[in-house]
Amino acid sequence: VQDLSEVGYDCMLENGISAGRRRGKSKRDLVKEIRHQRQVGTLPPVYPNGWFVLLESDELRAGQVKHVAALGENFAIFRTQEGVAHVLDAYCPHLGANMGVGGSVQGDCLECPFHSWRFSGVDGKCTSIPYSEKVPEFARVKKWTSYEVNSFIFIWFHAENEEPTWHPEPIQPIQEKKWVYRGRNEFYVNSHIQEIPENGGDVAHLAAVHGPSIFNGSDLRLGQRLLWSFTHHEWAAKWDPNTEPGKTHTATMFLKHEIRFFNKLSLIGMDVRAEQIGPSYVELHMETSFGKMILLQCITPLEPMLQKVVHRLYCPPLLYLYGSIVIWGESIMGWENIKTHPTAHNGSVETIVVKGTSTKKNDTRTETKGKKKKKEKRVAEFERDVMVWNHKTYIEKPLLVREDRNIARHRRWYSQFYTEHSPRFTFQKESLDW
C-alpha cells in the first residue's frame, strides 16, 4: 500500500485522533486507520478502458527493464538498444518469475532471470529456451499494446480485449524537440480515477477551492487567511464533450484565469484550453501574456483507490525562465508550516517525502532543535483538490442544482469508458486473525 500521508491528512491527525490512539504510532499508521474509516460510496468500475501511462520516456533507458504494477496487472517494460519500448506481462509463463525484476534485454527480446527463457517484445512469443532443443509453439507471454508519444509510454487497457480505436496525438513541438521541458510534479491521490477528471465539469469548485490566494497554501482550513485576503483568483470556465465522429473520446474545457488585487486590479491572466483525451490524459494548452506553453497531465490507477498523477510542462526556448515560474507555481504555491507527530522510534519525527517540485522529485526542508523537528513543506495548488479527494465519498446520484448540470454531463460522457466486464471495486476489512 502506498504511503498517502503526505497530503490532506494533517487536519484529521490534529483534531480527529485522540492522544491515546496516537501514542506509539507513526503518521503512516494513523493515516491508514483514517483511510479504513472512510466510506467510499458506490463506485463506478475502477479501471476504465483506454490509454494509460506506465512510465515517462526519460525513466526508461535503452537496454533497461522495469516492473510496474497498475490497473490490477503487473507489467515488464523494456527498451531495446534501438530505442523501441515494449510492454509484456511481468510473470514468465514457465515458473512465474517476474521478468521486470532482474530480467535483461537481449535484442528485441526480454530474457527471464530464472531460466533464461526469451520472449519477443513484438508479439510475446518465446524465441529461445537455452536447455531445450525445441521451443513449444504455444509458449508465449501476453504482449500489451503500447504507444510512446509526448514523452510518455502508454499501454492500451480494455476489459473486453478490444483493439484501440483512437490514440493520443503527437504534439509536434514536443515530438520534434522544438520546445523545452521545464519540469514535472507527481502526486498520489486516495480516490477513484473518475473523481479527478470530473473537476473539469465541476466549474463551481474553482471559486471555492482555488479562489483564495496561492500564498494561503493547500490546507483548505486556512483558505481565508487575513494576511493574503487582498489577493484572489478569478475563474471563468466552460466544458463541453466532443460530438464529432471519431473524437467522442475527447472533451474540452475553456478556462480563463486572473489574479486580482483588492478585488479590482487584474495584473496576471491566462487562457487555458484543456483537452481531456480518454479517461486519464489531459493536455492543457496555455496562452499567457508572454506566449504559449503546454502542461500534460496523466493519471495512472496503481490500485482501485490509489491514483498517481503526473504533470509535465513544455514551452518555447524563449520562455525558459517563465516556464520555470509556471511549473513552480503549479507545484509549490508557497510554504506551509506542518506540525509533525512523534512516532514510536524514541520520540523522533517521521520523515515525510513531499513529491511536487519542478525538476526534483523530492523536496523537504527540516529544521532540528534538540529532539523536536519543525518542518516546512512546499505545497501545490493541486494539493487543495487532493485534500478533498482523499476524504470524500462518491455519491452515485448526487443532489445537483441547475448550475451543476455539467457534472451530470461529464459523468454521462465518462461512462463510455466502462463496459460490461470493467473491474469493480471490492472491499475487505483487515482481520486480526492469523
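See the structure shown above.
Given the structure is predicted, the values throughout are model-derived calculations rather than measurements. Chains are numbered independently. Their residues run from 1 in the order of the written sequence. pLDDT decides what is reported in this predicted model: residues at 70 or higher carry local features, side-chain atom pairs at 80 or more are listed and counted, and totals for whole chains, interfaces and linings draw on all residues regardless. Remark: hydrogens and water are excluded; side-chain values derive from all non-hydrogen atoms of the structure.

Novice: In this structure, what is going on with the overall build of the protein? I would like to understand it.
Specialist: Strands are runs of DSSP state E lasting at least two residues, helices are runs of H or I lasting at least four, and both sets are numbered from the N terminus onward. Of regular secondary structure, the protein possesses eight helices and 21 strands. The classification of residues rests on relative accessible area computed with a 1.4 Å probe and restricted to protein chains. Under 20% of the type maximum is buried, over 50% is exposed, and intermediate values are partly exposed. Sorting the 434 residues of the protein into buried and exposed places 49% on the buried side. When contacts within the protein are restricted to residue pairs at least 6 apart in sequence, long-range pairs at least 24 apart make up 59% of them. Accessible surface, the protein: about 22200 Å² in total, of which carbon and sulfur atoms supply 53%. The criterion used for residue contact is that any of the two residues' heavy atoms lie within 4.5 Å. Accessible areas in this description were obtained via Shrake-Rupley with a 1.4 Å probe; residue shielding takes into account the shown protein chains only.

Novice: Just to check I follow, could you spell out the nonpolar core for this structure?
Specialist: The tendency in soluble globular proteins is for nonpolar side chains to be buried as a group. Within this scheme, the nonpolar core is defined by two criteria: the residues are buried Ala, Val, Leu, Ile, Met, Phe, Trp, Tyr or Cys, and they are joined through side-chain atoms within 4.5 Å. Counting 52 residues, the largest nonpolar core has Leu54, Phe75, Ile77, Ile155, Met286 and Met293 as its most contacted members. The residues touching Ile155, leaving out its near neighbours within four places in the chain, are Gly50, Trp51, Phe52, Leu54, Leu71, Phe75, Val87, Trp144, Thr145 and Ser146. Core analysis: the next-biggest nonpolar cluster, separate from the first, contains 17 residues, Cys92, Ala97, Met99 and Cys112 among them.

Novice: Would you take a moment to explain the packing of aromatic side chains for this structure?
Specialist: Geometry of an aromatic ring pair is reported as the spacing of the ring centres plus the angle between the planes. Side-chain rings of Phe, Tyr and Trp, where Trp is taken by its six-membered ring, are said to pair if the distance between their centres is within 6.5 Å; with planes under 30 degrees apart they count as stacked, over 60 as edge-to-face, and otherwise as tilted. Under the definition given, this model contains 15 aromatic pairs. Each ring, one from Phe152 and one from Phe154, has its centre 6.0 Å from the other, and the planes form 80°; the classification is edge-to-face. Phe154 sits in the buried class, given a relative accessible area of 0%. Seen from their ring centres, Tyr414 and Phe417 are 5.5 Å apart, and the 75° between their planes marks the pair as edge-to-face. Each of the two residues, Tyr414 as well as Phe417, counts as buried.

Novice: I tried to follow the sheet that holds strand E10 (residues 146-149) on my own but got confused; where do I start?
Specialist: One open sheet accounts for three strands, arranged E1-E11-E10; its pairing is antiparallel. Two strands close off the open sheet at either side, each with one partner strand: strand E1 (50-56) and E10. Averaged over all pairs of adjacent strands, the angle between strand axes in this sheet comes to 30°, irrespective of strand direction. Bridge count for E1 against strand E11 (residues 152-157) is six bridges, and the pairing is antiparallel. Each residue of the ladder has a partner; that of Gly50, found in E11, is Phe157. A strand pair is defined by DSSP finding two or more bridges across the two strands. For helices, the fitted axis covers only the stretch in contact; all axes are lines through C-alpha atoms, and the angles between them, taken along N-to-C directions, range from 0 to 180 degrees.

Novice: I'm lost on helix H7 (residues 382-389) in this one. Help?
Specialist: Each turn of an α-helix holds 3.6 residues, which means side chains three or four residues apart point in the same direction. By the criterion of burial, H7 is predominantly enclosed, with seven of the eight residues buried. Taken together, the buried positions of H7 are Phe382, Glu383, Arg384, Asp385, Val386, Met387 and Trp389.

Novice: In this structure, what is going on with the sheet that holds strand E6 (residues 109-111)? I would like to understand it.
Specialist: Two orientations exist for strands paired in a sheet by backbone hydrogen bonds: parallel and antiparallel. Across the sheet, four strands lie side by side as E5-E6-E7-E8; this open sheet has antiparallel pairing. Looking at the sheet topology across the chains shown, the edges are occupied by strand E5 (104-106) and strand E8 (126-128). Taken over all neighbouring pairs, the strand axes of this sheet differ in orientation by 35° on average, direction set aside. With three bridges joining them, E6 and strand E7 (residues 118-120) adopt antiparallel strand pairing. When the sheet's bridge partners are listed, Cys109 is paired in E7 with Ser120.

Novice: Would you take a moment to explain the side chain of Thr252 for this structure?
Specialist: As for its placement among the helices and strands, Thr252 is situated in strand E14 (residues 250-261). Distance and chemistry together define a polar contact, namely a pair of N or O atoms within 3.5 Å, with one atom able to donate a hydrogen and the other to accept it when in protein, and with adjacent residues in sequence counting only for side-chain atoms on both sides. Of note is the side chain of Thr252, whose polar atom sits 2.9 Å from the side chain of Glu275.

Novice: Can you help me understand the pairing of strand E17 (residues 292-303) in this one?
Specialist: A regular strand carries its side chains on alternate faces of the sheet. Across the 12 residues that make up E17, a large majority, 10, are buried. Here strand E16 (residues 281-288) runs beside E17; their pairing, made up of seven bridges, is antiparallel. Following the sheet pairing, His285 is matched in E17 by Ile294. Taken together, E16 and the strand that follows it, E17, pair antiparallel across an intervening segment of three residues, in which Gly291 is found at a positive phi of about 145°. Where E17 lies against strand E18 (residues 306-315), nine bridges are found, and the strand directions are antiparallel.

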